[in-house]
Amino acid sequence: MSSAHLVASIGWTLIHFIWQGALIGLAVALALFAMRKARAEHRYTVACTGLFLCLALPAAGLVLRLQDAGGSRAGAIFDAASTAPAVQDGLFWDILLREHLAWIVACWAACALVLAMRMGLGLAWIRRAAESDTGHAAWQARLDRLAAQCGVTRPVRLRLVEGLSSPVTAGWWRPVVLVPASLVTGMPPPLLEALLAHEVAHIRRHDYLVNLAQNVVETLLFYHPA
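Residues numbered from 1 in each chain as written. Predicted model: local features only at pLDDT ≥ 70, side-chain atom pairs only at ≥ 80, totals over all residues. Heavy atoms only, no water.

Thoughts on the overall build of the protein
No. 1: On a plain count of helices and strands, the protein comes out with ten helices and three strands.
No. 2: Helices and strands appear in the protein in the N-to-C order α-α-α-α-α-α-α-β-β-β-α-α-α.
No. 3: By the burial criterion, 29% of the 226 residues in the protein qualify as buried.
No. 4: Residue pairs in contact within the protein that sit at least 24 positions apart in sequence constitute 64% of those at least 6 positions apart. (Helix = DSSP H or I, 4+ residues; strand = E, 2+ residues; numbered from the N terminus. Buried < 20%, exposed > 50% of the residue type's maximum accessible area, 1.4 Å probe, protein only. Contact = heavy atoms within 4.5 Å.)

Given below as structure tokens:
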């Protein structure tokens, strides 16, 4: 497979996701509107399904294009039509995009790389905070009790972080709850316990994996409003 075919496959996948993403976004919006009185978990399932399709459709399209090592049928049509008046044949935009696919892919790759580095730095910061020795024995015991009550069998670590604006739950196999250190002394214990219960609910629903998938989709398909 040549590099030109790889660039063309990625480029056309990105371009076709413009209408694919629009259809997915519209379908999800209509479904959520129709389900505005439904249970929250059902609306959550619809949103997650839309998120999955945003990744699955372009991935499938890219695989099919890469398998066509000889070039797509559309590409052959464009080549044959390049000698005819483009406007008359309605292929002006197709030919224009074809001529600029390399620039489209280069710009997309540069932006996606920056966003991927940003996400990587965020994950590295969370990992460093999770491995620090900034726990709180009393609140760790309360968190263990809340996790057991919610049916979470994996150990859930508690870490106090200076300068954090709001609690963060991260990790799937070894979940950790990062809590602003100021909340331990500045928030009434019943409210802090309710906050921890909320974070345990995120762990039980595996929201970290969903959020991670959402970040991956937003990194790869950042240019689409949906």
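What follows picks up the thread again.
Focus on the packing of aromatic side chains
No. 1: Tallying each qualifying case throughout the model produces two aromatic pairs.
No. 2: Between Trp172 and Trp173, the aromatic rings sit 5.8 Å apart at their centres with planes inclined by 50 degrees, giving tilted as the arrangement.
No. 3: According to the relative accessible area criterion, Trp173 is exposed, its value standing at 62%.
No. 4: Aromatic side chains Phe222 and Tyr223 sit 5.9 Å apart centroid to centroid with 85 degrees between the ring planes, which places their arrangement in the edge-to-face category.
No. 5: Under the relative-accessibility criterion, Phe222 is labelled partly exposed at 30%.
No. 6: With relative accessibility at 29%, the residue Tyr223 sits in the partly exposed group.
No. 7: The ring of Phe33 carries Arg36 above its face, with NZ or CZ at 4.3 Å from the centroid.
No. 8: In this structure, Arg142 packs its charged tip against the face of Trp139, placed 4.3 Å from the ring centre. (Phe/Tyr/Trp six-rings, centres within 6.5 Å; stacked < 30°, edge-to-face > 60°. Lys NZ or Arg CZ within 6 Å of the ring centre and 35° of its normal.)

Topic: the confidence of the model for the protein
No. 1: Overall, the prediction assigns the protein a mean pLDDT of 87, with 89% of residues at 70 or greater.
No. 2: The low-confidence segment residues 71-90, where pLDDT is below 50, has 17 contacts with residues more than four positions distant or belonging to other chains. (pLDDT = per-residue confidence, 0-100.)

Re helix α6 (residues 101-130)
No. 1: Taking 1.5 Å as the rise per residue, α6 with 30 residues should run 44 Å; its terminal C-alpha atoms sit 42 Å apart, in good agreement.
No. 2: The set of residues buried in α6 consists of Leu101, Val105, Trp108, Ala112, Ile126, Ala129 and Ala130. (Expected span 1.5 Å × (residues − 1).)

Things to note about the pattern of salt bridges
No. 1: Inspection of every chain in the model, using the stated rule, returns five salt bridges.
No. 2: In this structure, Glu131 engages Arg127 in a salt bridge whose closest nitrogen and oxygen atoms are separated by 3.3 Å. Arg127 carries the same exposure label as Glu131, and that label is exposed.
No. 3: Across the pair Arg142 and Glu193 runs a salt bridge, and its minimum N-O distance is 3.8 Å. (Salt bridge = Lys/Arg side-chain N within 4 Å of Asp/Glu carboxyl O.)

Concerning the sheet that holds strand β2 (residues 168-170)
No. 1: Taken in spatial order, the three strands make up an open sheet running β1-β3-β2, and their pairing is mixed. The open sheet terminates on both sides in strands that have one partner only, identified here as β1 (157-161) and β2. Taking the axes of each pair of neighbouring strands and ignoring which way they run, one obtains an average angle of 20 degrees across the sheet.
No. 2: Where β1 and strand β3 (residues 176-180) come together, five bridges link them in parallel fashion. Bridging from a neighbouring strand, Leu158 pairs with Val177 of β3. (Pairing = 2+ DSSP bridges. Axes fitted to C-alpha atoms, helices over the stretch in contact; angles between N-to-C directions.)

Some thoughts on empty space enclosed by the protein
No. 1: For the structure shown, the criterion picks out two cavities of 30 Å³ or more.
No. 2: Volume-wise, the largest cavity comes out at about 50 Å³.
No. 3: The wall of the largest cavity is formed by Arg154, Thr169, Gly171, Trp172, His202, Ile203, His206, Asp207, Tyr208 and Leu209.
No. 4: Among the elements of the structure, α9 (189-204) and α10 (207-220) are those that each provide at least two residues to the lining of the largest cavity.
No. 5: Split into classes, the residues belonging to the lining of the largest cavity amount to four nonpolar, four polar and two charged.
No. 6: Its boundaries defined by the atoms lining it, the second largest cavity holds a volume of some 30 Å³.
No. 7: Counting residues per element, the ones that place at least two in the lining of the second largest cavity are β1 and α9.
No. 8: Considering only residue class, the lining of the second largest cavity consists of seven nonpolar, no polar and no charged. (1 Å grid on protein atoms, 1.4 Å probe; cavity = no way out; pocket = protein on both sides within 12 Å on 5 of 7 lines; lining within 4 Å. Points joined across faces, edges and corners; volume = space filled by probe spheres on them. Nonpolar A, V, L, I, M, F, W, Y, C, P; charged D, E, K, R; others polar.)

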